[in-house]
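Observations on the model geometry
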Amino acid sequence: QVQLVESGGGLVQAGGSLRLSCVASGSIDSVNAMGWHRQAPGKQRELVAVITRGGSTNYADSVKGRFTISRDNAKNTVFLQMNSLKPEDTAVYYCSANIRRYDFTSQDYWGQGTQVTVSS
């Protein structure tokens with residue numbers, strides 16, 4: 001059994017900052033790519049940022065220069081530092097991870113989501 005648990009969401013004023021965390025736990029042999037996605041009301045889920053185990057990153061154009069993804073491989077944790085937040089960043093943020101289990105099979109897992117609300 002593998003579980004991803006996010007934390008750090010909340011309400012912030014425009015221009016403010018939040019830091020999201022996501023911890024993977026369970027029958028984990030190794031964690032490959034980890035990422036953050038978001039889904040605003042009435043919109044499709046979109047990729048925000050992704051980071052490989054080696055630390056290579058990729059960002060959505062809408063968050064480049066404002067958001068930073070990082071990870072702690074020893075703790076199976078991924079972070080999303082969000083600065084200069086805008087009302088359009090309001091969404092439920094989901095953590096994802098490609099995880100290899102002890103039986104050496106790999107699968108994508110998702111967290112339950114954390115709400116981020118940016119007021120104008």
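Treat the numbers as computed from the prediction; the structure is a model and nothing was measured.

1. Brief notes about the overall build of the chain
- If you tally the helices and strands in the chain, you get zero helices and eleven strands.
- Mapped from its N terminus to its C terminus, the chain presents α and β elements in the order β-β-β-β-β-β-β-β-β-β-β.
- A compact globule built from 120 residues would reach a C-alpha radius of gyration of about 14 Å, and the chain, at 14 Å, matches this within 12%.
- If one aligns the C-alpha atoms of the chain with their principal axes, the spans along those axes are about 50 × 25 × 20 Å.
- Relative to its full complement of 120 residues, the chain shows a buried share of 43%.
- Of the roughly 6200 Å² that the chain leaves accessible, carbon and sulfur atoms contribute 47%.
- Across the chain, the centroid of the 12 positively charged side chains sits 3 Å from that of the 9 negatively charged ones.

2. Some words on the nonpolar core
- W36, L80, M82, Y93 and I99 are the most contacted members of the largest nonpolar core, which totals 32 residues.
- Ranked by the residues each element gives to this core, the list is headed by strand β9 (residues 91-101), at five residues.
- Discounting residues that sit within four places of it in the chain, M82 has contacts with G16, S17, L18, L20, R66, F67, Y93 and V116.

3. With respect to the side chain of H37
- In this fold, H37 is placed in strand β4 (residues 28-39).
- Here the side chain of H37 touches S96 through a polar contact of 3.1 Å, side chain to side chain.

4. Concerning the sheet that holds strand β1 (residues 2-7)
- In space, the four strands of this open sheet follow the order β1-β3-β8-β7, with antiparallel pairing throughout. On the outer flanks of this sheet lie β1 and β7 (67-72), each paired with one strand and no other. Along the sheet, successive strands turn relative to each other by an average axial angle of 15 degrees, direction set aside.
- As defined by bridge partners, β7 adjoins strand β8 (residues 77-82) across six bridges and the pair is classed as antiparallel.

5. What about the side chain of R66?
- The topology assignment puts R66 in the loop between β6 (57-59) and β7.
- Classification of R66 as buried rests on a relative accessible area of 11%.
- In this structure the side chain of R66 is engaged in a polar contact, spanning 2.7 Å, whose partner is the side chain of D89.
- Leaving out residues up to four positions away in the same chain, R66 has contacts with Q81, M82, N83, S84, L85, K86 and D89.

6. A few points about unusual backbone geometry
- In this model, N76 sits at a positive phi of 50 degrees, which is unusual for a non-glycine residue.
- With respect to the helices, strands and loops of the structure, N76 is situated in the loop between β7 and β8.
- A positive phi angle, close to 70 degrees, is found at F104, a residue other than glycine.
- Looking at the secondary structure, you find F104 in the loop between β9 and β10 (106-110).
- Residue classification places F104 among the exposed residues on the basis of a relative accessible area of 58%.

Definitions and cut-offs
Residues numbered from 1 in each chain as written. Predicted model: local features only at pLDDT ≥ 70, side-chain atom pairs only at ≥ 80, totals over all residues. Heavy atoms only, no water. Helix = DSSP H or I, 4+ residues; strand = E, 2+ residues; numbered from the N terminus. Rg over C-alpha atoms; globule rule 2.2 N^0.38 Å. Buried < 20%, exposed > 50% of the residue type's maximum accessible area, 1.4 Å probe, protein only. Areas by Shrake-Rupley, 256 points an atom, 1.4 Å probe, with all protein chains shown as cover. Lys, Arg positive; Asp, Glu negative; His and termini not counted. Charge placed at Lys NZ, Arg CZ, Asp CG, Glu CD. Core = buried A, V, L, I, M, F, W, Y, C linked by side-chain atoms within 4.5 Å. Contact = heavy atoms within 4.5 Å. Polar contact = N/O pair within 3.5 Å; in protein donor to acceptor, adjacent residues only side chain to side chain. Pairing = 2+ DSSP bridges. Axes fitted to C-alpha atoms, helices over the stretch in contact; angles between N-to-C directions.

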